[in-house]
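The primary structure of each chain is shown beneath.
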Amino acid sequence: MEDDGLVLLFYAPGQKKLRFLLSPVAMVLFMLLLLSPFASPLSDEGQALMAIKASLSNIADILLDWDDVHNEDFCSWRGVFCDNVSLTVISLNLSSLNLGGEISPAIGDLGNLQSIDLQGNKLSGQIPDEIGNCAELIHLDLSDNQLYGDIRFSISKLKKLEFFDLARNRLTGEIPRLLYWNEVLQYLGLRGNLLSGTLSPDICQLTGLCDVRGNNLTGTIPDSIGNCTSFEILDISYNQISGEIPYNIGFLQVATLSLQGNRLTGKIPEVIGLMQALAILDLSENELVGPIPPILGNLSFTGKLYLHGNMLTGPIPPELGNMSKLSYLQLNDNQLVGKIPDEIGKLEHLFELNLANNHLDGAIPHNISSCTALNQFNVHGNQLSGSIPLSFRSLESLTYLNLSANNFKGNIPVELGHIINLDTLDLSSNNFSGHVPASVGYLEHLLTLNLSHNRLDGTFPAEFGNLRSIQIIDMSFNNLSGSIPPEIGQLQNLASLILNNNDLRGKIPDQLTNCFSLSSLNFSYNNFSGIIPSMKNFSRFSADSFIGNPLLCGNWVGSICRPYAPKSRVVCLTLGIIILLAMVIVAFYRSSQSKQMMKGSSRTGQGMLKSRTSHILSKADNNTVMEAVDPEVSITCIDLVHVKKTFQLALLCTKRNPSERPTMHEVARVLVSLLPAPPSKVLGAPAKTFDYAHFVKGQHRKMDGLQPQQDNNSTNAQWFVRFGDVISKSTL
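An account of the accompanying structure is given in this report. (Residues numbered from 1 in each chain as written. Predicted model: local features only at pLDDT ≥ 70, side-chain atom pairs only at ≥ 80, totals over all residues. Heavy atoms only, no water.)

1. As for the packing of aromatic side chains
Heads up, the condition is: Between rings of Phe, Tyr and Trp, where Trp is taken as its six-membered ring, a pair exists when centres lie within 6.5 Å; planes separated by under 30 degrees are stacked, by over 60 edge-to-face, and by other angles tilted. Exposure categories follow from relative accessible area, calculated using a 1.4 Å probe and restricted to protein chains: below 20% of the type maximum is buried, above 50% is exposed, and the middle band is partly exposed. In this scheme, the term charge over a ring applies when either NZ of a lysine or CZ of an arginine sits within 6 Å of the ring centre and within 35 degrees of the ring normal.
Enumeration over the complete set of coordinates arrives at 12 aromatic pairs. Look at Phe74 and Trp77: their rings are 6.3 Å apart centre to centre, the planes differ by 70°, and that puts the pair in the edge-to-face class. Just as Phe74 is buried, Trp77 falls in that class too. A network of ring pairs unites the aromatic residues Phe523, Phe528, Phe538, Phe541 and Phe546 as a single cluster. Of note, Lys304 hangs over the ring of Tyr328, and the distance from its end group to the ring centre comes to 5.2 Å.

2. Description of the nonpolar core
One recurring pattern in soluble globular proteins is that nonpolar side chains are buried together. Here is the rule we go by: Residues belong to a common nonpolar core when they are buried Ala, Val, Leu, Ile, Met, Phe, Trp, Tyr or Cys residues joined through side-chain atoms within 4.5 Å. Only DSSP runs of H or I covering at least 4 residues are called helices, and only runs of E covering at least 2 are called strands; the numbering of each starts at the N terminus.
Within the largest apolar cluster, 148 residues are counted, with the highest numbers of intra-cluster contacts made by Leu49, Phe164, Phe377 and Phe523. When residues of this core are traced back to their parent elements, those giving at least two are helix H2 (44-54), strand E4 (80-82) and strand E5 (89-93). Among the nonpolar cores identified, the runner-up in size contains five residues, and Leu649, Cys653, Val667 and Leu671 belong to it.

3. Some words on the sheet that holds strand E23 (residues 335-338)
Using the following cut-off: Pairing between strands is defined by DSSP: at least two bridges between them are needed.
The eight strands lie next to each other as E19-E21-E23-E25-E27-E29-E31-E33, forming an open sheet whose pairing is parallel. In this open sheet, the two edge strands, each paired with only one partner strand, are strand E19 (289-290) and strand E33 (455-457). With three bridges connecting them, strand E31 (residues 431-435) and E33 associate as parallel partners. By the bridge assignment for E33, Ser433 is matched with Arg455.

4. Brief notes about the side chain of Glu352
Stated formally: By the counting scheme adopted, Arg and Lys are positive, Glu and Asp are negative, and His together with the chain ends is not counted. Between Lys or Arg on one side and Asp or Glu on the other, a salt bridge is scored when a side-chain nitrogen of the former is within 4 Å of a carboxyl oxygen of the latter. For this analysis, a polar contact is any N or O atom pair within 3.5 Å, provided that within protein one partner can donate a hydrogen and the other can accept it, and provided that sequence-adjacent residues contribute only side-chain to side-chain pairs.
Assignment of secondary structure puts Glu352 in strand E24 (residues 352-354). Despite its burial, Glu352 remains without a salt bridge, the nearest opposite charge being carried by Lys304 at 8.8 Å. Side chain to side chain, Glu352 and Gln330 meet in a polar contact 2.7 Å long.

5. Concerning the pattern of salt bridges
If you walk through the whole model with that rule in mind, you get nine salt bridges. A salt bridge links Asp129 to Arg152; the nearest nitrogen and oxygen atoms lie 3.8 Å apart. Highlighted residues: Asp129 in the loop between strand E7 (115-117) and strand E8 (139-141) and Arg152 in the loop between strand E9 (148-149) and strand E10 (163-165), separated in sequence by 23 residues. Taking relative accessible area as the criterion, Asp129 reaches 41% and is therefore assigned partly exposed. The salt bridge partner of Asp211 is Arg191, with a shortest N-O separation of 2.6 Å. Here Arg191 lies in the loop between strand E12 (187-189) and strand E13 (209-211) and Asp211 lies in strand E13, a separation of 20 residues in the sequence. Given a relative accessible area of 6%, Asp211 falls into the buried group. Residues joined by salt bridges that share partners form a network here, namely Arg191, Asp211, Arg213 and Asp235.

So yeah, pure geometry; function would need other evidence.
Here it is as structure tokens:
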């Protein structure tokens, strides 16, 4: 039996050796006992961390090492940092891991935490009250999540909290006033939530930055706002704050004053011009009225002045030219009048000048070109006049130039082609005339070119084929002539090509089908001819893109032809004309041989011929002429009325007696009268003339030179009246 087990020998001092026999099962249990650790169970903080993990989702492959079975050393777990001496958790950083779920109340069991960073996840639910138990907390960042509910009152118990960021969540309710009384809080970030209530006067108790931008705060700016002397930034923009800007706001020594996107009314307080520390002044998108205070010109350190989107009136103060550090000046969307001050040209650091949508008049000051750092210049929607200063060529940093919807006139300067960094050039809705300068084709960074609604003439520059970055070209409503250069087919990024309401001619280049990005096209109301390309991306454009081109062949109603289904009325009439002319030739030939035929024919033959002719003419007389028409023609042609009249005319030309047949002059006039009239233009487009006479093989063009033939019985006019009576009586 000893061979079935394992013999263990033990020795004891002063004793003989002892021998025990263990079974295999007992031996396994014995070995497990020997190998098992003698460590204590997981501590309270470890259990708290496991509870936090349990409340989270999307943790696969992220918190794998948070394992109390195989790794009880929680200080080595991802995002957990412990004190080197006490081995307690002092920091928890699980930011930007795409974690879902909620914040567990067990976080309050980590009493020694100094920093919690859970920003940039998808955490939902409410902030647990237990977080107020983390009395040592200095840094708390829960921003960029989906937390909702109130800001917990218990957070005001965190007396050591210096940084508190709840920005960009879905928090509601009012801001706890006790938060403002935290003497050490340096940053309170609440922007981008749904917080309500008013702006409490207690906000001045904060010694640091309070960011409440983008909430639903209402009420007025507290009159005591001037007491917030410790503020460096005051940003209460994009709320629902109303009323006037309090006068004592001028006592602030802030570097940034941002009140934009509220419902503020009244005038801009002149005292703001005394806030010498201001680097950014943003009063935009409110309901402010009155003039721009000239005293703002004293803000010599201000780099950004945003007053757009109000109802400001009066002229632009020349004193703004004294703001030597100014780089952004946005006065657009107001009701400003007068001229652009020459003093603006003194702003050497000016990067963006936006004066759009006002009532400014006069010319653009030539010394604007002295603003060599200018990157964006927008005067859209004013009443400015004159021409574009040639000195604009020196604005080498300019990328955006918008002079649209003004009264500018003259030629477009060739010098614009030297502003090599332009990506947007909009000169639309002015009175520019002359040719489009070819130099524009060398703006290799140009993305948008809009020259529409002017009086430009000349041809489409072939140099535009060099605009390899261009996405939008709009030259509609001008007087451009010539053809579209095939070089445009090289523009692989072109998405929109708008050329309607010009006088462009010729064939649409097949090379345009190589513009694979082209999604918007309008060639309507020009004089294009030929067949529309059907290859590649051109198949996506509807007939509306091509209407108003009388000579352009396309597959739509009213087109001069349908290249893929020749069923139009013009094609049918052309077929009828060919048959008619053939029958006329035969008729005249028969007339010249009539005497010989009369002598050489028998009485029976005469009877048969007379019977056949009478049969055909009877069909014309009894309104059954269409029975003699080939059924295929009846199916193919749309307007059978014109077809019937054409065949009736042919039958009249076969009359035996020459005096009963119409003359060629009459035939030509009637055939031309049956041709369709050119389609009338809509949208006020100028009429385009079209000569259809070439369909009558030159007969119509020479008609005025023809002398009408006369016989012994009647004149041409009488024959035409008689013929018209026959046609009018022989309708379907």
